[in-house]
Amino acid sequence: MVLSEVKAILPQGIFQCKKVDDKNMASALPLSNISFEEFLSSNRLIGVTEVSLPDFEFMNVEEIQGSGVAGKFSAPIIGFLDSAEMELTWRTIVQDLKYFSKPEAIDLTLYGAMETYDHSRGKLGVEKIKITTRAFNKKLSPGSLKAAKQTETKTTLEMLTCKIEVGGKVILDFDKINYKYIVDGTDYLQSTRSALGI
């Protein structure tokens, strides 16, 4: 069956669609993360097998109910996030763990290479993912020693800042200490900083 026959069967006008703006439409289909690397300041970390990123959950106003409200609900506090922990899993106990054992904040940068598929050209491609954070060292779990087994050592960090970029575009950028919460170019805490005189 050709397209003209399909049009004849379907209701009239069903093919009258609005033109899609190519600038606002992803040109490539994201497929999978190919690999990743992590750097502590400018030092490449070797031996990390997995990075578990945190949930970013808004702090909420206490339950709202009473006069003027038909029921009750919770509302997010603008730009304020709950505790955000990330976890690194290591193959074994390594010397780099000393940096994750100090009672201080560290600067960590994660890079991901995401495989994409452009159907219009029939081509596979790669898009860059970059995540930068300043975080407190929170917990070191050395793991266990077994013959011919990985220790599955884990380090836990508490995020103070986080910037997520995909293909060079900033998706999320927050800084809990400096009252900054930016999404897609909009700084949602700008009015809060102004009200506080900072």
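Fair warning: this is a prediction, and the values are worked out from it, not measured in the lab.

Draft legend 1. Looking closely at unusual backbone geometry. Residues other than glycine seldom take positive phi values, yet Ala 148 does so here, at roughly 60 degrees. Take Ala 148: it is sitting in the loop between strand 10 (123-141) and strand 11 (153-166). Positive phi values are uncommon outside glycine, yet Tyr 179 reaches one of about 55 degrees. Here Tyr 179 shows up in the loop between strand 12 (169-175) and strand 13 (180-183). On the basis of relative accessible area, Tyr 179 is assigned to the partly exposed category, the value being 29%.

Draft legend 2. The confidence of the model for the protein, seen in detail. Per-residue pLDDT for the protein has a mean of 88; in total, 87% of the residues score no lower than 70. For residues 1-25, every residue scores under 50 in pLDDT, and the model assigns this stretch seven contacts once sequence neighbours within four places are set aside.

Draft legend 3. Quick peek at the layout of surface pockets. In this structure, the second largest pocket spans a volume of roughly 180 Å³. Lining the second largest pocket are Asn 33, Phe 36, Glu 37, Val 51, Leu 53, Leu 110, Tyr 111, Gly 112, Ile 129 and Ile 131. Elements represented by at least two residues in the lining of the second largest pocket include exactly strand 1 (29-40), strand 9 (105-118) and strand 10.

Analysis parameters
All residue numbers refer to position in the chain's written sequence, counted from 1. Only residues with pLDDT of at least 70 get local features here, since the model is predicted, and only at 80 or more are side-chain atom pairs given and counted; chain-wide, interface and lining totals rely on the full set of residues. Hydrogens are left out, water is left out, and the side-chain values use all remaining heavy atoms of the structure. Counting from the N terminus, the helices are DSSP H or I runs at least four residues long and the strands are E runs at least two residues long. Whether a residue is buried, partly exposed or exposed follows from its accessible area with a 1.4 Å probe, protein chains only, as a fraction of its type maximum: under 20%, in between, or over 50%, in that order. Values of pLDDT, ranging from 0 to 100, describe the predictor's confidence in every residue of the model. Any pair of residues with heavy atoms lying within 4.5 Å of one another is described as a contacting pair. Cavities and pockets are found on a 1 Å grid laid over the protein atoms alone: a cavity is a set of points where a 1.4 Å probe fits but cannot escape, a pocket is an open set with protein on both sides within 12 Å along at least five of seven lines, and a lining residue has an atom within 4 Å of such a point. Grid points are joined across faces, edges and corners, and a volume is the space filled by probe spheres set on the points.

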